[in-house]
Amino acid sequence: MAEKKAALWGIVLAGGEGNRLKRFIRKYFGTDAPKQFCAFVGRRTMIEQTLRRAETIIPRKRLVVVATAHHRRYVFDAVRARPPGTILIQPANRETAPGILLPLVHVLHRDPHAVVAILPSDHFVLPGRRFMAAVREAAAYVSGEGSESVVLLGVEPTDAESDYGWIEPRSPEGVQSHVSIRPINRFVEKPSDAYARELMKKGWLWNTMVMVARAQSLMKLAHETVPELTANFAALRCAIGTPREHTILNELYRTIPPVNFSSAVLARRTTDLRVLPVRKVWWSDWGREKRILQTLTDIGIPWPTPARNTSDSQGISA
């Protein structure tokens, strides 16, 4: 009997605080909502746009959103009418490693053979379909010859950005596997300005933090780098669907420290990583006001008009 093809799941990260943009969002949108719950372009919020992109290749029932408890009202307003069990709420924000591990254990509980795509909800991407085609290509790779790999999507830099992670792909010469997806030589998280300029000259890529892997492989990588944290989530996985789940989840988030997935996991195990260069796609992590306004200018979209009051709306059309 032929082996069943692994299903592709999406994990949409929506737990960020967006502290650097609070004044900007209050000025233009009149709300304290984090950026992922605001609509900078058109009428859809950033998280709605992320889900819309993802749904071009992943069914709604396999798209899991993870958010944080004190943003509950924003997330349910923005992503209402999602399938049951696809919105997970963290009791507190403990950075990106717990933000990935919580939905990962839920996906593994429901589908141990799943392939997962990790999708931040606060990135600007254009065109979305081309970007998701790259996600599909990465999923096909990890479903076959790259079964133990974690594939990161990398984009060509447009400037020497020191806030991003940078990836050095291995030269195509001598690479015997997939023609596009390459091993990674080095991975640098948030270099200095001078170092970023050097990396750009050398042809390094920006790390989009969109990654694709078998769910089991991603959990194994986390276990080998942050074993204590992973053990806590393994205990939670055993309680999913039981009366103890809520209690264990709250206790877990009271005790675990903030852990960054990129620096604590990815940067420590580059031998397990691959990169897929994504061409002809406009990508930006909208973490700073200047970056947002520059992107809007570049694509010919007017800047948002400052809010007339500070009423708590969920975002306005740009």
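## What to know about the overall build of the chain
Item 1. Within the chain, the regular secondary structure consists of eleven helices and eleven strands.
Item 2. Dimensions of the chain, computed from C-alpha atoms along their principal axes, come out at roughly 60 × 55 × 35 Å.
Item 3. When burial is assessed residue by residue, the chain has 52% of its 318 residues classed as buried.
Item 4. Restricting the contact set of the chain to residue pairs at least 6 apart, pairs at least 24 apart contribute 76%.

## As for the nonpolar core
Item 1. Among the nonpolar cores identified, the biggest contains 62 residues, and Phe40, Ile47 and Phe131 are the most heavily contacted of them.
Item 2. Examining the composition of this core, we find that eight residues originate from one element, helix H5 (residues 128-143), more than from any other.
Item 3. Those residues in contact with Phe131 that sit more than four places away from it in its chain are Val125, Leu153, Thr208, Val210, Val278, Val281 and Trp283.

## Considering the side chain of Thr225
Item 1. Take Thr225: it is sitting in helix H7 (residues 215-225).
Item 2. A distance of 2.9 Å separates a polar atom in the side chain of Thr225 from the backbone oxygen of Leu221.
Item 3. Residue contacts for Thr225: discarding those within four places in its chain leaves Ala264, Val265, Arg268 and Arg269.

## As for the pattern of salt bridges
Item 1. Going through the model one piece at a time under the given rule, you end up with 15 salt bridges.
Item 2. For Glu55, the salt bridge identified is with Arg60, shortest N-O distance 3.5 Å.
Item 3. Given the relative accessible area of 30%, Glu55 is considered partly exposed.
Item 4. On the basis of relative accessible area, Arg60 is assigned to the partly exposed category, the value being 36%.
Item 5. Sharing partners across several salt bridges, the network here consists of Arg20, Glu161, Asp163, Arg288 and Arg291.

Calculation rules
Residues numbered from 1 in each chain as written. Predicted model: local features only at pLDDT ≥ 70, side-chain atom pairs only at ≥ 80, totals over all residues. Heavy atoms only, no water. Helix = DSSP H or I, 4+ residues; strand = E, 2+ residues; numbered from the N terminus. Buried < 20%, exposed > 50% of the residue type's maximum accessible area, 1.4 Å probe, protein only. Contact = heavy atoms within 4.5 Å. Core = buried A, V, L, I, M, F, W, Y, C linked by side-chain atoms within 4.5 Å. Polar contact = N/O pair within 3.5 Å; in protein donor to acceptor, adjacent residues only side chain to side chain. Salt bridge = Lys/Arg side-chain N within 4 Å of Asp/Glu carboxyl O.

Bear in mind that shape data such as this cannot, by itself, settle questions of function.
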